[in-house]
Structure formats: structure tokens, C-alpha cells
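Each chain, written out:
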Amino acid sequence: MPMTVEKAQVTLPSDREVKVQRSFKAPRPLVFRAFTEPQLVRQWLLGPPGWTMPVCEMDVRVGGQYRWRWQSESKDEQFGFSGTFREVQPPSRLVHTEAYDPGSVGGTYPGNEALVTVTFTEERGVTTVTTLIDFGSKETRDGAMATGMTDGREQCYQLLDRLLESQPGA
């Protein structure tokens, strides 16, 4: 019987940060792989139904870069994110920059790159992922929050729950 998982908990630890915390019923190495292997990432990092991830390039090493691009299945819309990995400590920590490319969806995050720190902790087979996003300013953080980013993240995490359940070693 699958474990009931609480929705992602979102807090604002400072006037420029968003913290998202969510637990998954899977071992930490498997959850870390789901965050760092493109063939797994493109199965869950999708957001609302009707979007695909045709571009998921990830060179997961210090100094390596990533590029993610989403495409709407029903409209001619697309957007993306890109950045550089600053820390890679399997299976416990990832730190990377994040730049938003509005593509044809539009909108902007005023300011430059955000800094994203993701930590993975495990207790009794349950891995908690804590994501701290430092947008650099209140204006940028508030602009990002206004996009519905935390609702989209929870939708992605529900897809991740299903993916993790289907993986060997889960």
C-alpha cells in the first residue's frame, strides 16, 4: 500500500528566498538519481498536463551545465531554464544556478540568475528533499512566486512519486 505523502511545504525564509520541502518513499540514492539523470528527469519534471520536456541536457559535475526546455502539446508555447552546477555531492547535495528563459510563454523574473540548493536526507527509507532558491531580491522572488511555481512543483513531485514507485530498489 503506497505511503500517503504530504504536499510540498513552502516557506519564505527571507525576503529573497523560497524553501520547498517534500518527502518521498524511496531511498536517497534513487531520489538523487531522479534529480540528476536526464532520462528520469524528463519523466517527472513536467508541471501541468499537456506539457512535454523535449530538451533535458545535464552535465552533472562541478562546472557542468544544464538546459531544460518545455513545450506545450496544444499551443505553440515553450519556455526553459538553464544554469551551471556549482556543487555536486551524491547523494546528498546539489547546488546550481538557474536562469529563466521565457520563450514564447512570456513573463520575466526581474534580475539575474537564482541560486538553487537541493539537499537530500533519508530516514527509514523516506527521503526528504529540501530546495532553497535564492532569487537575489524580493522583487525577483515575488515575481517567481506569482507564476504559480510552487503549485507546478507539487504537480511534478506527484509524477516523481509514481516514477519512484516504478523503479527497482524503491
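Presented here is an overview of the structure given in this document. Keep in mind that what you see is a predicted model, and the values were worked out from it rather than measured.

Thresholds applied
- Residues numbered from 1 in each chain as written.
- Predicted model: local features only at pLDDT ≥ 70, side-chain atom pairs only at ≥ 80, totals over all residues.
- Heavy atoms only, no water.
- Helix = DSSP H or I, 4+ residues; strand = E, 2+ residues; numbered from the N terminus.
- Buried < 20%, exposed > 50% of the residue type's maximum accessible area, 1.4 Å probe, protein only.
- Lys, Arg positive; Asp, Glu negative; His and termini not counted.
- Salt bridge = Lys/Arg side-chain N within 4 Å of Asp/Glu carboxyl O.
- Contact = heavy atoms within 4.5 Å.
- Pairing = 2+ DSSP bridges.
- Axes fitted to C-alpha atoms, helices over the stretch in contact; angles between N-to-C directions.
- Phe/Tyr/Trp six-rings, centres within 6.5 Å; stacked < 30°, edge-to-face > 60°.
- Core = buried A, V, L, I, M, F, W, Y, C linked by side-chain atoms within 4.5 Å.

### Some details on the side chain of glutamate 98
Part 1 of the reasoning: Note on placement: glutamate 98 falls in strand β6 (residues 93–101).
Part 2 of the reasoning: Comment: no salt bridge for buried glutamate 98; closest opposite-charge side chain is arginine 153, at 5.2 Å.
Part 3 of the reasoning: Excluding residues that lie within four positions of it along the chain, glutamate 98 makes contacts with Tyr66, Phe81, Ser82, Glu113, Ala114 and Val116.

### Regarding the pattern of salt bridges
Part 1 of the reasoning: Tallying each qualifying case throughout the model produces 11 salt bridges.
Part 2 of the reasoning: In this structure, the salt-bridge partner of arginine 141 is aspartate 142, at a minimum N-O distance of 2.8 Å.
Part 3 of the reasoning: On the basis of relative accessibility, which here comes to 7%, the residue arginine 141 falls in the buried class.

### As for the sheet that holds strand β7 (residues 114–123)
Part 1 of the reasoning: Here eight strands make up an open sheet; going across it, the order is β1-β2-β8-β7-β6-β5-β4-β3 and the pairing antiparallel. Each edge of the sheet is formed by a strand with only one pairing partner; in this case those strands are β1 (9–11) and β3 (51–58). Going from strand to strand, the sheet's axes swing by 20° on average, the running direction of each strand aside.
Part 2 of the reasoning: Bridge count for strand β4 (residues 65–72) against strand β5 (residues 78–89) is seven bridges, and the pairing is antiparallel. Bridging across to β5, tryptophan 70 finds its partner in phenylalanine 79.
Part 3 of the reasoning: The strands touched by helix α4 (residues 149–166) within the sheet are β1, β2 (17–24) and β8 (126–134), with β2 carrying the most contacts at an inclination of about 20°.

### Remarks on the environment of glycine 64
Part 1 of the reasoning: As for its placement among the helices and strands, glycine 64 is situated in the loop between β3 and β4.
Part 2 of the reasoning: Along the primary structure glycine 64 and histidine 96 are separated by 32 residues, whereas in three dimensions their C-alpha atoms are 9.4 Å apart.
Part 3 of the reasoning: Non-local contacts of glycine 64, meaning those with residues more than four positions away in its chain, are made with Asp59, Gly83, Thr84 and Phe85.

### Some words on the packing of aromatic side chains
Centre-to-centre distance and the angle between the planes together describe a pair of aromatic rings.
Part 1 of the reasoning: For the structure shown, the criterion picks out 14 aromatic pairs.
Part 2 of the reasoning: For the pair phenylalanine 24 and tyrosine 157, a centre-to-centre distance of 5.2 Å together with 85° between the ring planes defines the contact as edge-to-face. Taken together, the residues span a long stretch of sequence, with phenylalanine 24 in strand β2 and tyrosine 157 in helix α4 at a distance of 133 residues.
Part 3 of the reasoning: Each residue in the set Trp51, Tyr66, Trp68, Trp70, Phe79, Phe81, Phe85 and Tyr100 is aromatic and connected to the rest through ring pairs, giving one cluster.

### What to know about the nonpolar core
Part 1 of the reasoning: Within the largest apolar cluster, 39 residues are counted, with the highest numbers of intra-cluster contacts made by Phe35, Trp44, Trp68, Tyr157 and Leu160.
Part 2 of the reasoning: Here the element with the most residues in this core is α4; it accounts for six residues.
Part 3 of the reasoning: Aside from chain neighbours lying at most four places away, what touches phenylalanine 35 is Val41, Trp44, Met58, Leu94, Val118, Phe120, Val129, Tyr157 and Leu160.

### Re the environment of methionine 53
Part 1 of the reasoning: Turning to its location among the elements, methionine 53 is positioned in strand β3.
Part 2 of the reasoning: On a C-alpha basis, the gap between methionine 53 and valine 41 in space is 9.1 Å, while along the polypeptide they are 12 residues apart.
Part 3 of the reasoning: Excluding anything up to four places from it in sequence, methionine 53 contacts Val41, Arg42, Leu45, Leu46, Trp68, Arg69 and Trp70.

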